[in-house]
Amino acid sequence: MDQTAPPKRMSLRLPFDFYTLRLFIITLAIFIAFSVLLPGKFLTVLNMKSMAVQLPEFGILAFAIMITMLTGGIDLSIVGTANLSAIVAAMILTGLTGADGTGGVPLAAAIPLSMLGALLVGSICGLFNGFLVSRIGITPILATLGTGAIYTGLSFVLTGGPAITTTQLAFIGNGSLLGVPIPIIIFFVVVIISVVILNRTVFGFNVYMLGTNPKAALFSGINSDRVLLGTYWLAGVIAGLAGIIFLARTNSAKPDFGSSFILLTVLIAILGGVSYTGGFGTVVGLVLAVLSIQFLSTGLNMLMLELFPSSAAIFFRQFAWGGLLLGVMVLNYYTEKRKR
Amino acid sequence: MTNAFLRLTGISKSFAGVQALRDVDLTIERGRVHCLVGENGSGKSTLIKIIAGVYQRDTGEYVIDGKNLARLQPIDAIREGVQVIYQDFSLFPNLTVAENIALNEEVAEGRRWVNWQQVRNVAADALAQIEVNIPLDVTVGEVSVANKQLIAVAKAMRQNARLIIMDEPTTALTEREIRALFSVLRKLQERDGVAFLFVSHKLDEVLSISEKIIVIRNGKTVSEGERDEYDRARLVYDMTGHSITEKSYDFEPDLSQPPLLKVENLNAEPMLNDINFELRAGEIVGVTGLLGSGRTELALALYGMQPIKSGRITIDQKPVDLRSNRDAIAHGIGYVPEDRLSEGLFLEQSIAKNVVVRTIESLRGSLGLTDPAKISGQVSQWVDALRIKTADPALPVNTLSGGNQQRVVLAKWLASNPKVMILNGPTVGVDVGSKEELHNLMKKLAGEGMGLLVISDDIPELLGTCNRILLMRNGTIVEEINTKETNENKISSKLIED
Ligand SMILES: Nc1ncnc2c1ncn2[C@@H]1O[C@H](COP(=O)(O)OP(=O)(O)OP(=O)(O)O)[C@@H](O)[C@H]1O
Ligand SMILES: [Mg+2]
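Note that this is a predicted model, so its numbers are computed, not measured. (Residues numbered from 1 in each chain as written. Chains lettered and ligands numbered in written order. Predicted model: local features only at pLDDT ≥ 70, side-chain atom pairs only at ≥ 80, totals over all residues. Heavy atoms only, no water.)

Novice: For this particular structure, what's the right way to read the overall build of chain B?
Specialist: Along chain B, the regular secondary structure elements total 17 helices and 20 strands. With respect to the principal axes defined by its C-alpha atoms, chain B has extents near 70 × 50 × 50 Å. Counting across all 498 residues of chain B, residues that qualify as buried make up 56%. Put simply, 66% of the contacts in chain B that link residues at least 6 apart link residues at least 24 apart. Carbon together with sulfur atoms contributes 48% to the accessible area of chain B, which is approximately 20800 Å² in total. (Helix = DSSP H or I, 4+ residues; strand = E, 2+ residues; numbered from the N terminus. Buried < 20%, exposed > 50% of the residue type's maximum accessible area, 1.4 Å probe, protein only. Contact = heavy atoms within 4.5 Å. Areas by Shrake-Rupley, 256 points an atom, 1.4 Å probe, with all protein chains shown as cover.)

Novice: I would appreciate a short explanation of the pairing of strand β12 (residues 272-279) of chain B in the present structure.
Specialist: Moving residue by residue along a regular strand, the side chains alternate between the two faces of the sheet. Residues and elements named next belong to chain B. In this sheet, β12 lies alongside strand β11 (residues 261-268) in antiparallel orientation, the contact comprising five bridges. Considered in β12, the bridge of Leu261 is made with Leu279. Between β11 and β12, which pair antiparallel and follow one another directly, the connecting turn spans three residues. (Pairing = 2+ DSSP bridges.)

Novice: Before we go on, may I ask you to explain the interface of chain B and chain A in this structure?
Specialist: A common way to express how large an interface is: the accessible area buried when the components associate. Contacts between the two partners involve 54 residues from chain B and, on the opposite side, 33 residues from chain A. For the pairing of chain B and chain A, the buried interface totals around 3600 Å² over both sides, and the portion due to carbon and sulfur atoms is 58%. At the boundary of chain B and chain A, one finds nine residue pairs in polar contact (both at pLDDT 80 or more). Of all elements in the fold, only α10 (325-330), α11 (340-344), α12 (351-356), α13 (372-385), α14 (402-415) and α15 (432-447) of chain B reach the threshold of two or more residues within the side of chain B that touches chain A. (Buried area = accessible area lost by both parts, 1.4 Å probe. Polar contact = N/O pair within 3.5 Å; in protein donor to acceptor, adjacent residues only side chain to side chain.)

Novice: Can you walk me through the environment of Asn3(B) in this structure?
Specialist: All names here are of chain B. Examined against the element boundaries, Asn3 turns out to sit in the segment before β1 (4-15). For the pair Asn3 and Gly31, spaced 28 residues apart in the sequence, the C-alpha separation amounts to 9.1 Å. With near-sequence residues (within four places) excluded, Asn3 lies in contact with Ile28, Glu29 and Arg30.

Novice: Looking at this structure, I do not really get helix α7 (residues 182-200) of chain A. What am I missing?
Specialist: Counting along an α-helix, one turn takes 3.6 residues, and residues three or four places apart therefore face a common direction. Taking 1.5 Å per residue, 19 residues should reach 27 Å; α7(A) reaches 26 Å between its end C-alpha atoms and fits that length. By the burial criterion, the buried members of α7(A) are Ile182(A), Pro183(A), Ile184(A), Phe187(A), Val190(A), Val191(A), Ser194(A) and Leu198(A). (Expected span 1.5 Å × (residues − 1).)

Novice: Would you mind showing me how to read the packing of helix α4 (residues 107-136) of chain A against helix α10 (residues 224-250) of chain A here?
Specialist: Helix-helix packing is described using two parameters, namely the angle between the two axes and the distance between the axes. Residues and elements named next belong to chain A. For the pair α4 and α10, the least separation of the axes is 7 Å and the interaxial angle reads 150 degrees. Taken together, α4 and α10 sit at an angle that is classed as roughly antiparallel. For the crossing formed where α4 meets α10, the hand is right-handed. (Axes fitted to C-alpha atoms, helices over the stretch in contact; angles between N-to-C directions. Parallel < 35°, antiparallel > 145°, perpendicular 65-115°, else oblique. Left-handed = near helix turned anticlockwise from the far one by under 90°.)

Novice: How should I be thinking about the site of ligand 1 in this particular structure?
Specialist: All names here are of chain B. In the vicinity of ligand 1 there are 19 residues, among which Lys44, Ser45, Thr46, Ser401 and Gly403 approach most closely. Backbone polar atom of Gly41 to an oxygen atom of ligand 1: 2.8 Å apart, as the coordinates give it. Between ligand 1 and the protein, one listed contact pairs an oxygen atom with a backbone N or O atom of Gly402 at 3.2 Å. Burial of ligand 1 by the surrounding chains reaches 89%, relative to a free accessible area of 640 Å². Contributing elements (two or more residues each) for the shell around ligand 1: β2 (18-29), α1 (44-51) and α14. In terms of residue count, α1 provides more of the shell around ligand 1 than any other element does, three residues in total. Split into classes, the residues belonging to the shell around ligand 1 amount to five nonpolar, eleven polar and three charged. (Near = heavy atom within 4 Å. Nonpolar A, V, L, I, M, F, W, Y, C, P; charged D, E, K, R; others polar.)

Novice: Looking at this model, I keep getting lost on empty space enclosed by the protein. Mind explaining?
Specialist: Leftover empty space is mapped by rolling, across the atoms, a probe with the size of a water molecule. All names here are of chain B. Within the structure shown, the criterion is met by four cavities of 30 Å³ or more. Quantified by volume, the largest cavity comes out at close to 80 Å³. Listing elements by their share of the lining of the largest cavity, those giving two or more residues are α14 and α15. Per-element tally for the lining of the largest cavity: the top contributor is α15, with four residues. (1 Å grid on protein atoms, 1.4 Å probe; cavity = no way out; pocket = protein on both sides within 12 Å on 5 of 7 lines; lining within 4 Å. Points joined across faces, edges and corners; volume = space filled by probe spheres on them.)

Novice: Even after reading the chapter, I still don't get the packing of aromatic side chains, so can you show me in this structure?
Specialist: In this description, an aromatic ring pair is defined by two values, namely the gap between the centres and the angle between the planes. Tallying each qualifying case throughout the model produces 16 aromatic pairs over all chains. Taken together, a centroid distance of 5.1 Å and an interplanar angle of 70 degrees make the contact between Phe15(B) and Tyr55(B) edge-to-face. Residue Phe15(B) is found in strand β1, and its partner Tyr55(B) is found in the loop between α1 and β4 (59-64); the two are separated by 40 residues along the sequence. The exposure class of Phe15(B) is partly exposed, given its relative accessible area of 30%. Aromatic rings pair up to connect Phe31(A), Phe34(A), Phe42(A) and Phe295(A) into one cluster. Over the face of the ring belonging to Tyr230(B) we find Arg234(B), whose NZ or CZ atom lies 4.3 Å from the ring centre. Positioned over the ring face of Tyr208(A) is Lys353(B), at 4.6 Å from the centre of the ring. (Phe/Tyr/Trp six-rings, centres within 6.5 Å; stacked < 30°, edge-to-face > 60°. Lys NZ or Arg CZ within 6 Å of the ring centre and 35° of its normal.)

In structure tokens:
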């Protein structure tokens, strides 16, 4: 072949890819901007702690969306699953210990049981989604739109409408370990587990490959049905975990909690660089997107309260989320174009 | 020369650390057929994309129709009458033939409403212009590769093409389709004075159709001249820098050994009918036949991807039931598919991931986690063995040249070390020099006890590698030919007799 020297094998790998690096800079810029604009308010230990307990509520759910998006699908039922899990956990707790915690079963047993219950419900919901998507072959967006409605409906049936309150898990929602709020610790445990699953397991490898080209995956002998079933199951378990956080944070479980989280988590995933056609997306990118959205929400809230204490803040926050997403997409478009 | 339509001088282009073109010169003359040849990764496709304005050149001059163009966008090239037909044709598979040909114009004319009758008329007219007959109302996804090619030509002609560039137009076509394509192109050349630039790795075809030849090697123009100045040996020499001789495979099957794969009275969907043959360890058996003869269907049936109606498949003397390709894989069968872009590769993923996709299970270390060191070990082993030309295996496969992509598909399957390897068009798009290397590799694997079944249109390839050739027609094997007792002409004439 070539008589000349073989091409040098130089490494083009950076610790982060270009997109993630830019997202990191944007996140940092938002953080710095609010720290400057809101002196003594944004950059305080109190505010850091308050953000650290808020962010896991949707941050954990974002992982459920991400993993399904990596296969080229989506799971719109995660909030329904999370609420159903929270309700079942709350029912186990209140059923076993009584509403005031003086019932028959000791708390040390009831709490793990209720958590197990939540994760089990999440598993079942996820497996059902996975079954519909992989075996029956229903388009994920439709399948999970349907099951999401079913899970929410089941929640209404179980509760009869009103919330179930229990403060037994408040020690998780409000507690901290060595000064670090427990919800954010749980969030980072999810982050680490996700990194390992996606980057270091055969399952994670196959998730990316299947999402990139399902036909080539078939020809390569990847068991697509099993990968999809695993993916939706995992999304369900993550949603179950998010349900536990919901319950622990709000001391109540209700069927219609967090309905804005679906769109929010999809937005986070896209912002985090997860490809909506599948195959691409990193945990680092997702974490940065979660952080930037939280900084933006909190910062804008504070800013609005300062400027005009009205209800416009809520509207403006969504406006800013959308603006951030579109801004990053436009930036992408121009850098892609220039790279030619 | 006054007859120059396009003249490029001193063109260079680099991608993140790879110098794809350095100082390339090229002249396209009006109304003549040019061929661009060169090894895999020599820069042919890159050069074409620069001509089309898809890539921006780093340096060099671009003079078209006497005008010196500094910066060039795709739309400028189209205005000057440059039309490129890429390997993926840039057609919309879910639109109809008519829509694909004519919708462009409707949009370009700024119409707000599409006039469907007009679309059909334009399309019918366009196909009549190039004197071919393709149904207008089927979706492009359903038509054959050859017809897609012609649809793309019709579309190009509607846009007043003065130069049509085709990147490896014939790799996926059979002899007969190639002849049909070229007769259409000749007509356009004579009647409308359209110039052509082709890329091809089939040297005989290059010599038979071209009037001018341009050879590039490692991103540089090596020679440029009239067809008559070249013969096969000169082409090979200019492309590779040395000459090549191919010798045929000499294998005496050890008849005392039981066959590795035995197929008896196989009938399978959609058309296979009473197939019988054996493959011994160490054998390379060729399969050939015209398009529609059932050769790909045979491969898919053996790979568990076509429902089997009746018959018996035995591997290592054990009858096997192949319900899916995972069953086939479990029994040690590997399959390199025909269409590397859609079936073989994860184009946007890294070369490394593509190479290990079959073997990732075995590349695990502690705790059952995948082991990056084992992965990169296997990747560099195969990148070296198949000489995949890349700066870094972490780059996506779509940064590789076509021939190098084909090597990645081969690497992926070879890494899994199957007992029986079915190769459907193993060297499609691979240059002559590397072809020989790949053939030697196939022979080496056979020598180590693998059984190979090679499906190909390329008769010299089969003659050079196989000890037997199975000739297929209408879904069945009509003849088994001993390679030593035949030659290219005999097989070619057998292929077309009915
Ligand atoms: N987008 C890209 N990014 C990085 N490298 C690229 C890119 N496109 C092409 N290259 C590199 O440029 C070189 C020339 O590639 P090109 O596709 O032009 O080769 P080619 O002559 O068409 O080969 P083939 O016969 O295999 O199709 C190769 O080394 C290839 O890896
Ligand atoms: Mg090419």
